[in-house]
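# Summary of structural features
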Amino acid sequence: MNKLELKTEGETHVIARRRFAASPELVYRAHTDPAIVQKWLLGPEGWTMPVCINEARPGGKIRYEWSNGKGAGFYLTGEYLELEPYSRIVHVERMFMPDATPDNHVETRFDPDGAGTLMTMRMTLPDAQTRAAMLATGMEHGMEASYARLDAAL
């Protein structure tokens with residue numbers, strides 16, 4: 001499973017799983033160090049992240065802004081709720097495309113898996129309609145492009 005797997009659970013959850021050929025410490029750090037995040041969390045080819053604020057501490061702010069260099073873009077804001085170094089991150093995020101989406105509560109685990117890491121992200125949306133709208137964006141393609149970039153860098 002070196003490719004993103006998405007599945008739904010109940011009416012409001014999305015579970016994303018992916019293996020990385022690196023330690024949980026490295027994968028966790030790649031999610032919390034803004035200098036590293038800005039290099040891999042870009043989505044499809046041609047996109048950049050000109051703004052990357054990532055204050056990895058409880059109560060810390062998150063703001064990512066993406067641009068395709070042709071006038072299109074969107075951004076995400078959020079806050080960290082809990083961090084357990086190298087094993088777990090809990091945060092809330094909202095996308096602006098351009099209007100704000102409802103809050104997405106996200107728990108990401110980084111579990112040792114042989115010589116690598118199994119990352120499991122559990123997203124909790126407020127209702128089935130919000131989840132359906134999120135999945136209809138085709139987000140998994142941008143997520144996998146970013147994770148493939150991260151895996152190659154690790």
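Everything that follows concerns the structure shown earlier in this document.
The structure contained in this document is the topic of the report that follows. (Residues numbered from 1 in each chain as written. Predicted model: local features only at pLDDT ≥ 70, side-chain atom pairs only at ≥ 80, totals over all residues. Heavy atoms only, no water.)

## Remarks on the overall build of the protein chain
- Helices and strands together make up the secondary structure of the protein chain, namely 4 helices and 8 strands.
- Listing the helices and strands of the protein chain from first to last along the sequence gives β-β-α-α-β-β-β-β-β-β-α-α.
- A compact globule built from 154 residues would reach a C-alpha radius of gyration of about 15 Å, and the protein chain, at 15 Å, matches this within 12%.
- Projected onto its principal axes, the C-alpha coordinates of the protein chain cover approximately 40 × 35 × 30 Å.
- The 154 residues of the protein chain split such that 43% are buried.
- By sequence separation, contacts in the protein chain at least 24 residues apart represent 44% of the contacts at least 6 residues apart.
- Counting every atom, the protein chain has about 7,900 Å² of accessible surface; 55% of that belongs to carbon and sulfur.
- Of the side chains in the protein chain, 17 bear a positive and 21 a negative charge, and the two mean positions are spaced by 2 Å. (Helix = DSSP H or I, 4+ residues; strand = E, 2+ residues; numbered from the N terminus. Rg over C-alpha atoms; globule rule 2.2 N^0.38 Å. Buried < 20%, exposed > 50% of the residue type's maximum accessible area, 1.4 Å probe, protein only. Contact = heavy atoms within 4.5 Å. Areas by Shrake-Rupley, 256 points an atom, 1.4 Å probe, with all protein chains shown as cover. Lys, Arg positive; Asp, Glu negative; His and termini not counted. Charge placed at Lys NZ, Arg CZ, Asp CG, Glu CD.)

## Describing the environment of Glu82
- As for its placement among the helices and strands, Glu82 is situated in strand β5 (residues 73-84).
- Once the C-alpha coordinates of Glu82 and Glu107 are considered, the two residues, 25 residues apart in sequence, prove to be 9.0 Å apart.
- Excluding residues that lie within four positions of it along the chain, Glu82 makes contacts with Arg88, Ile89 and Val90.
- A polar contact of 2.8 Å, which involves the side chain of Glu82, links it to the side chain of Arg88. (Polar contact = N/O pair within 3.5 Å; in protein donor to acceptor, adjacent residues only side chain to side chain.)

## Observations concerning the packing of aromatic side chains
- If you walk through the whole model with that rule in mind, you get 8 aromatic pairs.
- Here the aromatic rings of Tyr64 and Trp66 are separated by 5.9 Å at their centres, their planes lie at 70°, and the arrangement is edge-to-face.
- A relative accessible area of 8% means that Tyr64 is categorised as buried.
- Taking 4.8 Å as the distance between ring centres and 25° as the angle between the ring planes, the aromatic pair formed by Trp66 and Phe74 counts as stacked.
- When the ring centre of Phe20 is taken as reference, the NZ or CZ atom of Arg18 above it lies at 5.0 Å. (Phe/Tyr/Trp six-rings, centres within 6.5 Å; stacked < 30°, edge-to-face > 60°. Lys NZ or Arg CZ within 6 Å of the ring centre and 35° of its normal.)

## Thoughts on unusual backbone geometry
- The residue after Met97, namely Pro98, is reached through a cis peptide bond having omega 5°.
- Tracing the backbone through its elements, the reader meets Pro98 in the loop between β6 (88-96) and β7 (104-113).
- Positive phi is not limited to glycine here, since Tyr86 has a value of about 75°.
- Along the chain, the position of Tyr86 falls in the loop between β5 and β6.

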